[in-house]
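# Architecture at a glance
What follows is the residue order along each chain.
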Amino acid sequence: MAEAERIIGTPDTPDDDGEQTATAGAPAGSGATGPSGEPGASGVGGQDGPARRAGRGRRIAVLFAVAAFAYALDLISKLLVVSRLEGHAPIQVVGDLLELHAIRNPGAAFGFGAAFTVIFTLIAAAVIVVIIRLARKLYSFPWAVALGLLLGGALGNLTDRIFRAPGVFEGEVVDFIAPKGFAVFNLADSAIVCGGILIVLLSFRGLDPDGTVHKD
């Protein structure tokens, strides 16, 4: 966790979009201009100025809004599946290419690792804690969306682990999206995968969570 925070770091001069170009050899407090274009806008002694705090606050709001949206969709979909689909025949959505088929999954995403339910529960909890801790140093809108998807998906499946049978931290996740020839999954799994893909794309682009853009 400490290593993840070290990697994210704290940006010096984010622009209006929360992104900045990395400047080699520019020490902190050496007269860098903040978002308002005035020297010292980044604060004294590493403290954020008003503009930086406002920019960070917007990114944090985006992160939690995306997380809440993803979590709500996952929770509502699972409630509907349990009440109307579980115990019934699968529903064909696109012929036999895509079905809605309710199952209980004790493993990780897409049914992997059924023998390690408690371990996956602890991993999901750790991911949530790391994302919340890193949110305080978040200055990038795309990263806020990506981390929000990860947070919402992790919360969705963790809710099942805690509150569903057979018991706390061993609960089975409700899966219901069943493409032909592929594992059955749910909307939380989809959010986690989409967030992971977005993080990979942002990394290739050179954009860090703190808004720094590394140009090779």
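Bear in mind the structure is a predicted one, so any value in this text is a computation, not a measurement.

Regarding its fold elements, the chain presents five helices and five strands. Along the chain direction, N to C, the helices and strands of the chain fall in the order α-β-α-β-β-α-α-β-α-β. Looking at the chain residue by residue over its 216 residues, the buried ones come to 38%. Of the roughly 11,500 Å² that the chain leaves accessible, carbon and sulfur atoms contribute 67%.

A grouping of Ile91, Val93, Val94 and Leu97 is seen on the molecular surface, where their side chains present a nonpolar patch of about 350 Å² in accessible area. Of note, Ile91 is situated in strand β2 (residues 91–94). Given a relative accessible area of 43%, Ile91 falls into the partly exposed group.

A separate point is the nonpolar core. The biggest cluster of nonpolar side chains holds 19 residues, and the ones touching the most others in it are Leu63, Ile131, Leu138, Trp143, Leu147, Leu151 and Ile199. For this core, the elements supplying multiple residues, two or more each, are α2 (50–84), α3 (117–134), α4 (141–163) and α5 (187–205). What Trp143 contacts, discounting residues up to four positions off in sequence, is Leu138, Ile199, Leu202, Ser203, Leu207, Asp208 and Pro209. Core analysis: the second largest hydrophobic core is formed by seven residues, Leu85, Ala102, Val174 and Phe185 among them.

Applying the stated rule across the entire model yields five salt bridges. Linking Lys78 and Asp160 is a salt bridge whose minimum nitrogen-to-oxygen distance equals 2.9 Å. With Lys78 in helix α2 and Asp160 in helix α4, the pair connects residues that are 82 residues apart, well separated along the chain. The exposure class of Lys78 is buried, given its relative accessible area of 1%.

What follows deals with the confidence of the model for the chain. Across the chain, the average pLDDT comes to 79, with 73% of residues at or above 70. Every residue in residues 1–19 is under pLDDT 50, and counting partners more than four places away or in other chains gives 53 contacts. Within the model, pLDDT remains below 50 along residues 21–46, and this stretch shows 30 contacts once partners closer than five positions in the same chain are excluded.

On to unusual backbone geometry, then. The linkage connecting Ala165 with the following residue, Pro166, adopts the cis geometry, with an omega of 15°. With respect to the element layout, Pro166 can be found in the loop between α4 and β4 (173–179). Phi at Phe169 is positive, roughly 70°, even though this residue is not glycine. Secondary-structure assignment places Phe169 in the loop between α4 and β4.

A few words now on empty space enclosed by the protein. Tallying each qualifying case throughout the model produces one cavity of 30 Å³ or more. Reported here for the largest cavity is a volume of approximately 30 Å³. What lines the largest cavity is Tyr71, Asp74, Leu75, Lys78, Gly156, Thr159 and Asp160. At the level of elements, α2 and α4 are the ones that each hand at least two residues to the lining of the largest cavity. Residues belonging to the lining of the largest cavity are distributed by class as follows: two nonpolar, two polar and three charged.

Conventions we followed
Residues numbered from 1 in each chain as written. Predicted model: local features only at pLDDT ≥ 70, side-chain atom pairs only at ≥ 80, totals over all residues. Heavy atoms only, no water. Helix = DSSP H or I, 4+ residues; strand = E, 2+ residues; numbered from the N terminus. Buried < 20%, exposed > 50% of the residue type's maximum accessible area, 1.4 Å probe, protein only. Areas by Shrake-Rupley, 256 points an atom, 1.4 Å probe, with all protein chains shown as cover. Patch = residues over 30% accessible without salt bridge, like charges linked within 9 Å, V, L, I, M, F, W, Y side chains within 5 Å. Salt bridge = Lys/Arg side-chain N within 4 Å of Asp/Glu carboxyl O. Core = buried A, V, L, I, M, F, W, Y, C linked by side-chain atoms within 4.5 Å. Contact = heavy atoms within 4.5 Å. pLDDT = per-residue confidence, 0-100. 1 Å grid on protein atoms, 1.4 Å probe; cavity = no way out; pocket = protein on both sides within 12 Å on 5 of 7 lines; lining within 4 Å. Points joined across faces, edges and corners; volume = space filled by probe spheres on them. Nonpolar A, V, L, I, M, F, W, Y, C, P; charged D, E, K, R; others polar.

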